[in-house]
Amino acid sequence: MAAEPIPTDQSFLDTDPAFPLHRGGKMEMRSTIPVRDADDLSLAYTPGVARVCSAIADNPELAHDYTWTSKVVAVVTDGTAVLGLGDIGPAASMPVMEGKSILFKEFAGVDSVPIALATTDVDEIVETVIRMAPSFGGINLEDISAPRCFEIEDRLRAALDIPVFHDDQHGTAIVTLAALKNAARLIGKDLSQLRAVVAGAGASGIAVSTILIEAGIGDIALSDSKGLIHEGREGLNPVKERIARITNREGRSGSTEEALSGADVFIGLSGATVDESCIATMSEDAIVFALSNPTPEVHPEVAARHARVVATGRSDFPNQINNVLAFPGIFAGAFATRAHSITEGMKLAAADALAAIVGDDVRPDYVIPNPFDERVAPAVTTAVAEQARAEGVARI
């Protein structure tokens, strides 16, 4: 969906508080060492730097200890699926990428560099990221449209020996799973007893469905603009063909609304609307995660008339499904162990850690921690690091 035009006259830019905050960008680079005199200069740069370079040339592993590469993330986008704005291009995406870098730093102390690429070609994106990878310890793919994002991530994961993570997919999936674990506990059911309907088969919808299946959900049906996805449906792309093989075990067809009848869980990631009458047909103690921003599929106050637990992607309602709960700690945990990848087990461990923070305090308006809960990043970091070591993907 194209963004609505924003006035660009100076009077508007001066009165809207967002513009002064963003003026000049939201980031800067700072030195971690002083350069006070000739001695400092000779160590920070020539001739001292040459000794470090020569040592790394002889033993490339030393780069992890004597450069910043092992602790810096490249936040990479092509600007094709930016927040709720859609395909706005690389230049317009930069305020979001800068914001992402700020979140890395503020919530987990992880440094990152926003990079907006002037290409939407899959081969060019993959080649570019591979070529710049020696400068970074991890790659966070951001706001790249589906289905291209799946191929880009898969190819980069195969080509690189550093973590590659598409946050639109996996961050949303991890936080959704954590919240659903607590919501299920609240209504006295196991995940294996739940039937879910996911509206939206883009990056987030595919990833959420996949992680819920890995976590053991009873059944899940995924829909796109043409209705429920099932094996044998004509016109499915390869990604949807794969998801069709592991979802919708009952072989349902038809619309999202029809599938909601008797369902335990609705997860909206589509930007479409769902009528209140359809939510009313769900099971007793239903769970509704209406996650599209800025307009949820069903207004949370309306959903609450029929559902026991309601979550959104918005900060002005309880139970915000916010990716910032996941990605900073995930990279911090991967960096702490110099993990060469982020595995499915590490994602599940992150979800478990988030769910555990809520603990016995779980209630309908508190199934997921607040992003400003200081326990979040340390808990996720620890869980991810422990799982990396357990799976043998850690280098230290």
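All figures in this text were calculated on a predicted structure; none of them were measured in a lab. (Residues numbered from 1 in each chain as written. Predicted model: local features only at pLDDT ≥ 70, side-chain atom pairs only at ≥ 80, totals over all residues. Heavy atoms only, no water.)

S.K.: How should the packing of aromatic side chains be read in this particular structure?
M.R.: When we look at a pair of aromatic rings, we describe it by the centre distance and by the angle of the planes. Here the structure, examined in full by the defined rule, presents five aromatic pairs. Aromatic side chains F104 and F327 sit 4.8 Å apart centroid to centroid with 70 degrees between the ring planes, which places their arrangement in the edge-to-face category. Here F327 lies in helix α15 (residues 327-337) and F104 lies in helix α6 (residues 90-108), a separation of 223 residues in the sequence. F327 shares its class with F104; the two are buried. Ring pairing ties together the aromatic residues F104, F165, F327, F331 and F335, which thus form one cluster. (Phe/Tyr/Trp six-rings, centres within 6.5 Å; stacked < 30°, edge-to-face > 60°. Helix = DSSP H or I, 4+ residues; strand = E, 2+ residues; numbered from the N terminus. Buried < 20%, exposed > 50% of the residue type's maximum accessible area, 1.4 Å probe, protein only.)

S.K.: Honestly, the layout of surface pockets in this entry has me stumped. Any pointers?
M.R.: In this approach a probe as big as a water molecule rolls over the atoms, and the regions it shows empty are the leftover space. Taken as a whole, the second largest pocket spans an internal volume of roughly 660 Å³. E28, M29, R30, K105 and D111 are, among the 20 residues lining the second largest pocket, the residues nearest its centre. Of all the elements in the fold, those that place two or more residues in the lining of the second largest pocket are α6 and β2 (111-116). Counting residues per element, the lining of the second largest pocket draws most heavily on α6, which supplies five residues. When grouped by side-chain class, the residues that make up the lining of the second largest pocket number eight nonpolar, four polar and eight charged. (1 Å grid on protein atoms, 1.4 Å probe; cavity = no way out; pocket = protein on both sides within 12 Å on 5 of 7 lines; lining within 4 Å. Points joined across faces, edges and corners; volume = space filled by probe spheres on them. Nonpolar A, V, L, I, M, F, W, Y, C, P; charged D, E, K, R; others polar.)

S.K.: How should the sheet that holds strand β5 (residues 195-199) be read in this particular structure?
M.R.: Strand pairing in a sheet is mediated by backbone hydrogen bonds. Such pairs are either parallel or antiparallel. Here six strands make up an open sheet; going across it, the order is β7-β6-β5-β8-β9-β10 and the pairing mixed. The open sheet is flanked by β7 (227-228) and β10 (307-312), the only strands paired with a single partner. The sheet contact formed by strand β8 (residues 265-268) and strand β9 (residues 286-290) spans four bridges and is parallel. Opposite F266, over in β9, you have V288 as the bridge partner. Its contacts with the sheet place helix α9 (residues 167-186) against β8, β9 and β10, and it is angled at close to 160 degrees to β9. (Pairing = 2+ DSSP bridges. Contact = heavy atoms within 4.5 Å. Axes fitted to C-alpha atoms, helices over the stretch in contact; angles between N-to-C directions.)

S.K.: Would you mind showing me how to read the pairing of β2 here?
M.R.: In summary, the side chains of a regular strand alternate between the two faces of the sheet. Across six bridges, the pairing between strand β1 (residues 72-77) and β2 is parallel. Residue pairing in the sheet places V76 in a bridge with I115 of β2. Once you follow β1 into α6 and on to β2, the crossover reads as right-handed. (Right-handed = clockwise from strand over helix to strand, strands pointing away.)

S.K.: Please explain the packing of α15 against helix α17 (residues 376-391) as it appears in this structure.
M.R.: As a packed pair, α15 and α17 sit with axes 7 Å apart at the nearest point and diverge in direction by 45 degrees. Classed by the angle they form, the pair α15 and α17 counts as oblique. The interaxial crossing formed by α15 with α17 has right-handed handedness. Residues G329, I330, A332, G333, A334, A336 and T337 of α15 form the contact with α17, whose own contacting residues are A377, V380, T381, V384, A385, A388 and R389. The residue makeup of the contact of α15 with α17, split by class, is nine nonpolar, four polar and one charged. (Parallel < 35°, antiparallel > 145°, perpendicular 65-115°, else oblique. Left-handed = near helix turned anticlockwise from the far one by under 90°.)

S.K.: Explain the pattern of salt bridges to me, please; I cannot follow it from the model alone.
M.R.: A side chain of one charge can pair with a side chain of the opposite charge when the charged atoms of the two come close. Tallying each qualifying case throughout the model produces 23 salt bridges. Put simply, D111 and K105 hold a salt bridge, and the shortest N to O gap is 2.9 Å. Owing to a relative accessible area of 25%, D111 belongs among the partly exposed residues under this scheme. Judged by relative accessible area, which is 41%, K105 ranks as partly exposed. Residue R233 is joined to D224 by a salt bridge in which the shortest nitrogen-to-oxygen separation is 2.8 Å. Here the residues in one salt-bridge network are K100, E142 and D167, joined through shared partners. (Salt bridge = Lys/Arg side-chain N within 4 Å of Asp/Glu carboxyl O.)

S.K.: Is there a simple way to explain unusual backbone geometry in this structure?
M.R.: Both trends apply: most residues other than glycine have a negative phi, and most peptide bonds are in trans. Omega for the peptide link from T46 to P47 comes to 5 degrees, which places this bond in the cis form. If you trace the backbone, P47 turns up in the loop between α3 (38-44) and α4 (48-58). With omega at 0 degrees, the peptide bond leading from A146 into P147 counts as cis. Summarising the element assignment, P147 is placed in the loop between β3 (138-141) and α8 (148-159). Positive phi values are uncommon outside glycine, yet N319 reaches one of about 60 degrees. You can see N319 is positioned in the loop between β10 and α15.

S.K.: Would you take a moment to explain the sheet that holds β2 for this structure?
M.R.: If you walk across this open sheet you meet the four strands as β2-β1-β3-β4, and the pairing is parallel. In this open sheet, the two strands that pair with only one neighbour each are β2 and β4 (164-166). The sheet shows a mean angle of 20 degrees between the axes of neighbouring strands, taken without regard to direction. Across four bridges, the pairing between β1 and β3 is parallel. Bridge pairing links V76 to L141 in β3.

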